[in-house]
Amino acid sequence: MADITKISAYLYTADVPAADTDGIVYLGIAGREFNLDSDSDDFERGAQFTYVLGEGSNVKNSEYNDPRKPQLDTDDLDRYPAYIRFVSAGQYPGWCLERVTVTVNPDSTTPHRFDNPRLIGLGENHRIWLYNEGGNQLYLKRYDG
């Protein structure tokens, strides 16, 4: 049991036609949901970005997207599912996600990692389209070790 002070979420938008989006992406973890948005042009085709919540935050509205407010605990990681959720917006209704990894307390001696094993590797069978007609959530599996 330890305080969650920092969460890093690496997202890679696929480099395929119409993969980019103006939609909104959320990370659900430890019983909370966080908005993943930065000052850069998020979720463009082929874009790779690591969003940081908490210590060293690089997200917009960091005061509202902070795992220390209220303070989350690593025990909460096993109590609630971890997921990526997408909400369509703008002229591109879908988003093609190639890869996602989430690390809780990445600078600690015992970081907690989350991933979706179906997205490991490259190619059409290792990416997912998130959009209203096909589903908006991708669940993540813990893979500490």
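Preceding this section is the structure that the text describes.
This one's a predicted model, so the numbers in the text were calculated from it and none came from an experiment.

Draft legend 1. Representation of the packing of aromatic side chains. Using the criterion set out here, one finds five aromatic pairs in the structure. Centroid distance F43 to W95: 5.2 Å. Interplanar angle 70°. Geometry classified as edge-to-face. Residue F43 is located in the loop between β3 (32–36) and β4 (48–54), and its partner W95 is located in strand β6 (residues 95–104); the two are separated by 52 residues in the primary sequence. A relative accessible area of 0% means that W95 is categorised as buried. Measuring from centroid to centroid gives 5.9 Å for Y83 and Y139, while their planes differ by 55°, and the two rings are tilted. Taken together, the residues Y83 in strand β5 (residues 82–87) and Y139 in strand β9 (residues 137–142) connect sequence positions 56 residues apart. Looking at Y83, the relative accessible area reads 15%, which means it is buried. Classification of Y139 by relative accessible area gives partly exposed; the value is 47%. Joined through ring pairs, the aromatic side chains of F43, F49, Y51, F86 and W95 make up one cluster.

What counts and how
- Residues numbered from 1 in each chain as written.
- Predicted model: local features only at pLDDT ≥ 70, side-chain atom pairs only at ≥ 80, totals over all residues.
- Heavy atoms only, no water.
- Phe/Tyr/Trp six-rings, centres within 6.5 Å; stacked < 30°, edge-to-face > 60°.
- Helix = DSSP H or I, 4+ residues; strand = E, 2+ residues; numbered from the N terminus.
- Buried < 20%, exposed > 50% of the residue type's maximum accessible area, 1.4 Å probe, protein only.

Distances and angles like these do not, on their own, reveal function.
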